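# A look at the structure
The chain contents come next:
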Amino acid sequence: MVRSKRMFTVMSIAAGCLSGIFSAVGAGKSLLPVVEIEGPVYTPKPANNGAGPLWGNASTCIVRLGDKLFASGLETIEDAAPLNNVRWLLFELRDHGWELIRADPEDRTREPCPLAIFPDGRLFLSVNPTLTPPGTRNGPAEPRVLEFSTENPRGPYRTLLPVWDGAPSFTEHSYRSFAADGPNQEFILFQNVGYDHAEWAFYDRTDIWSARGKLIFPWGAEYEKPKPVRVCYPAVALKNRSVYWLGVSDVTEPNNAWRAYKKKLTGRDWDYDFRRLFYTWCPDITTGRFHDWIEVANREKTCGWLFPCDLWVAPDGAVHLLWRERAIDERLRKEFFPDAKQSWALNHAIVRNGKVIRRSPLAIGGEGLSDEIPGNARFQVTPDNRLFVFYYCSGTDAGGRPFSENRVMEVFSDGTHGKPVRVPLEHPFSSFINATVRSGSGPSEILDILGVASGRPGISYARIRLLNEVFAAMDIKKERTADGVRLHLDGAQSRAALGRIASWVWEVGGTRLEGKKAQCELRKSEPVNIALTVRDRQGRRNTVRQVLRLPPVPKQFGRDRWGLVLRTEAEDFSGQSGGNVRIATGLRGASALAVSDWKKQGHRLEWILDVPVEDDYFPVLHYAAPQASTRELTVDGGPPHSLVFTATDAFSTSSVDAWGYALLFDARKRVASVHLTKGVHTIGLDVPSASDLALDYIDWVARASNADVPRADTRVVEEGAYRILLPLKGTICPARIRPEKGHCFIAILGPNYPGDGWKGRPESTLQLFENGNPLGPPHAVHNDIRSKGRGRFSHWKTRLYFSTSDNTDPRTNGRSYAWRILPRDARP
């Protein structure tokens, strides 16, 4: 039996974090970004078709209308062959998190499907379904625009077929751009055909396709072999029927010497050139006449790289351009341009009347410069037409320390810019899109970001309020005491735009406390209201509030002090039927991992509970639910016990702790227990009627037994005076297994069971069994698990990478898989 200590739960709350849980007082106009929401949206499986959820670049997949927020996504279709092997998804942000509301019922496609929105509540989704039969790699496609209602997005939708100039030969490689003029309720769709032009169709305010035409790409007369310069990945804006277009060259390498050299390196006959940035505009799209192309930037001399980020048209007609730029291709430097220096820049330009009047870097790093490398970036426009740039930056700082973060800066009308400010995201976004005015979303001080966040799988979302004078943020640690809970309150993350925070005042259930940090003890388990008010030196204030749900206390179970507590982690379920839960990671306040998407009627989960001593045990469930919910608890298939879960108003996220505690009650509303004999029991929880619930763990509090129960296959975790017995063995339900690559499969064990790969920790002693027979060797190289398999496995960090004895699929081969950890290596 191994002992360890940890704090019970941690919570960090910023002002205005989530509607329904927190509220804030105070506003201002200084750049002081506050992260209000941060969390996952969905996790797609790799489609291996050359595209991905963010492949559309500046054509966004997230839009906002007032308090309504929608996002589109992609789902890989099982057993469908590339290229057209995904379908579109439509999500809406609700009080409890992102909810999947629609999915393509029949078609297949390749690329992400951008969104547009109108102030009257119409929501548009650009789709490009293939017209080929299943199994066909590529071929013709039919562009469509689907119209939904934001008031009833689950209801019937209308299919709009663009009217084109002739009968273009569209394919799954659309490289399309979708832009909307929200105030005028019009949009335009561009879709590439071949390498020489893009077709476009304009949908006007009278609900007709009133204009159409071709955008002819520039001619590359200066190439060794002249050819059209295909322009892709554009940022497109539509405003008062004027169209503005910024894109990058996307052609096979035109320099023969470089192409030959690259082939020696890669073995490929092709390599694409992203070295020329082009801009054009049409003053009135109903005429169809675009001006000649302007080459804004060029990196041909040193085989560099350019990529468009965004475009915004100011009220005075100035067009602001934003792009990324890399000076050289380092693979070619020694051979072709040995004296060239590398640099990475985030560049900005202003175009007026068809001329670039200013061009300058907003951020730059490289050889002879700083080691800070700017990355992806987007514009955000506020209602008073202030222009901000949200961007990613990584590298090493002046002290040599590595960093990865998002920053925001203001860009002024003359092209100068303010000082960048770090955005305090727990998981910075490296690749992302935003709810932009180019999609019809209104200007806003709220920045909605959708993209890939470091340390989190799949696609994530963040809501950031840019402008604040003062904001309050509290971090709360709950420490169990012998007869209650001690709260550690910390307001150190509160900030002021100008100067410093001068005072912190806490209200905890009617008790007033002062100071940046404070403590208080509570001997009750009902919810308590907590508020923190901060003031700066000028007297400006901000308040953040939360209803904190406290854990139960010993007297509720007839005890003076805590005794034996067994813990069942929700993610360690041994079986399920009637549905499939999702394993959630990185949730604030969670013991380890959690299960979510558990709402379908008849969906049952089961756990194995090994009881060391016979006693009456009180179940305590750590959960989150946006609305009231029920579950039925069974032990060894016995009669069901009804569990009622009151609403916690939201699900927990990486930045919000919304967990509550549920107990079992008898008919007289008294806390009830279940009698468990010594030995192994099967615990079941069923969904009697559809209701959503996330579950973190179940604690089993013994009525009489003490905490010191010697067991070689357990570990004691001390949460203050609360001591939990965690098992050091478990089964791996097929539903918890996912394929990785080749013969390798993954099961997440979570932070309670750390493996190899942690600095300063001894080697893992996890043993893996198939139908009771040991597998191995352990500590295998992951590439050997993938290519050779045959029982090889690796307990790496919080995951188990493994193969079966005969390289069959463990999810379907009918065998059981179990693990155990020797106590000496089981540290938290």
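Quick note: structure is the one above.
Everything numeric here is computed off the predicted structure, so don't read it as measured data.

### Observations regarding the overall build of the protein
For the protein, the helix and strand inventory stands at 3 helices and 66 strands. For 828 residues, the compact-globule estimate of 2.2 N^0.38 gives 28 Å, and the C-alpha radius of gyration of the protein, at 29 Å, lies within 12% of that figure. Once the C-alpha set of the protein is aligned to its principal axes, its extents read approximately 85 × 70 × 60 Å. Put simply, the protein has 828 residues, and 58% of those count as buried. Within the protein, contacts between residues separated by at least 24 positions form 64% of all contacts whose residues are at least 6 apart in sequence. With an accessible surface of roughly 33200 Å², the protein has 49% of that area assigned to carbon and sulfur atoms. Taking the average location of the 108 positive side-chain charges in the protein and that of its 95 negative ones, the two points are 3 Å from each other.

### Description of the pairing of strand β6 (residues 68–76)
The buried count for β6 comes to 7 of 9 residues, which makes it a mostly enclosed element. Bridge analysis of strand β5 (residues 62–65) against β6 gives 4 bridges, and the strand direction is antiparallel. Considered in β6, the bridge of Arg64 is made with Leu69. Once β5 ends, the chain turns through 2 residues before running back antiparallel as β6, passing Gly66 with a positive phi of about 60 degrees. Of the strand pairs in this sheet, β6 and strand β7 (residues 86–94) are connected by 7 bridges, and their pairing is antiparallel.

### Section: the pattern of salt bridges
What the rule picks out here adds up to 64 salt bridges. Arg64 is the partner of Asp448 in a salt bridge, and the nearest nitrogen-oxygen pair spans 2.6 Å. Of this pair, Asp448 sits in strand β34 (residues 446–453) while Arg64 sits in strand β5; the two residues are 384 residues apart in sequence, bridging distant segments of the chain. Classification of Asp448 as buried rests on a relative accessible area of 2%. One salt bridge connects Arg723 with Glu718, and the closest N-O pair in it is separated by 3.7 Å.

### Observations concerning the sheet that holds strand β8 (residues 97–103)
Across the sheet, 4 strands lie side by side as β5-β6-β7-β8; this open sheet has antiparallel pairing. Here the strands that pair on one side only, and so sit at the sheet edges, are β5 and β8. Sheet twist, expressed as the average angle between the axes of neighbouring strands with direction ignored, equals 30 degrees.

### Re the sheet that holds strand β35 (residues 459–467)
Ordered by their spatial adjacency, 4 strands build an open sheet running β4-β35-β34-β33, and the pairing between neighbours is antiparallel. Two strands bound the open sheet, and with one partner strand each, they are β4 (31–42) and β33 (429–434). Strand-to-strand twist of the sheet, defined as the mean angle between neighbouring strand axes without regard to direction, takes the value 30 degrees. With 5 bridges joining them, β33 and β34 adopt antiparallel strand pairing. Looking at the pairing, Ser431 lines up with Val452 of β34.

### Topic: the packing of aromatic side chains
Here the structure, examined in full by the defined rule, presents 37 aromatic pairs. A centroid spacing of 5.0 Å and a plane angle of 45 degrees characterise the contact between Trp55 and Tyr175, whose relative ring orientation is tilted. Placement of Trp55 in the loop between β4 and β5 and of Tyr175 in the loop between β12 (158–160) and β13 (177–181) is noted, with a sequence separation of 120 residues between them. On the basis of relative accessible area, Trp55 is assigned to the buried category, the value being 16%. Overall, Tyr175 belongs to the buried group, its relative accessible area being 14%. Ring-pair connections join several aromatic residues into one group, and the members of that group are Trp55, Tyr175, Tyr233, Phe274, Trp305 and Phe307. Looking at Arg480, its charged tip hangs above the ring of Tyr722, at a distance of 3.8 Å from the centre.

### Observations regarding a positive patch on the surface
A surface patch of like charges, here positive, comprises Arg500, Lys516, Lys517 and Arg537. When you line up the elements, Arg500 lands in the loop between β39 (495–496) and β40 (501–508). In this structure Arg500 comes out as exposed when scored by relative accessible area, which is 62%.

### Quick notes on the environment of Ala592
Within the secondary structure, Ala592 is located in the loop between β47 (582–584) and β48 (594–596). C-alpha separation for the pair Ala592 and Pro751, spaced 159 residues apart in sequence, amounts to 5.8 Å. Ignoring sequence-local partners within four residues, the contact set of Ala592 consists of Glu569, Glu571, Asp696, Pro751 and Asn752.

Each value, and the rule that gives it
- Residues numbered from 1 in each chain as written.
- Predicted model: local features only at pLDDT ≥ 70, side-chain atom pairs only at ≥ 80, totals over all residues.
- Heavy atoms only, no water.
- Helix = DSSP H or I, 4+ residues; strand = E, 2+ residues; numbered from the N terminus.
- Rg over C-alpha atoms; globule rule 2.2 N^0.38 Å.
- Buried < 20%, exposed > 50% of the residue type's maximum accessible area, 1.4 Å probe, protein only.
- Contact = heavy atoms within 4.5 Å.
- Areas by Shrake-Rupley, 256 points an atom, 1.4 Å probe, with all protein chains shown as cover.
- Lys, Arg positive; Asp, Glu negative; His and termini not counted.
- Charge placed at Lys NZ, Arg CZ, Asp CG, Glu CD.
- Pairing = 2+ DSSP bridges.
- Salt bridge = Lys/Arg side-chain N within 4 Å of Asp/Glu carboxyl O.
- Axes fitted to C-alpha atoms, helices over the stretch in contact; angles between N-to-C directions.
- Phe/Tyr/Trp six-rings, centres within 6.5 Å; stacked < 30°, edge-to-face > 60°.
- Lys NZ or Arg CZ within 6 Å of the ring centre and 35° of its normal.
- Patch = residues over 30% accessible without salt bridge, like charges linked within 9 Å, V, L, I, M, F, W, Y side chains within 5 Å.

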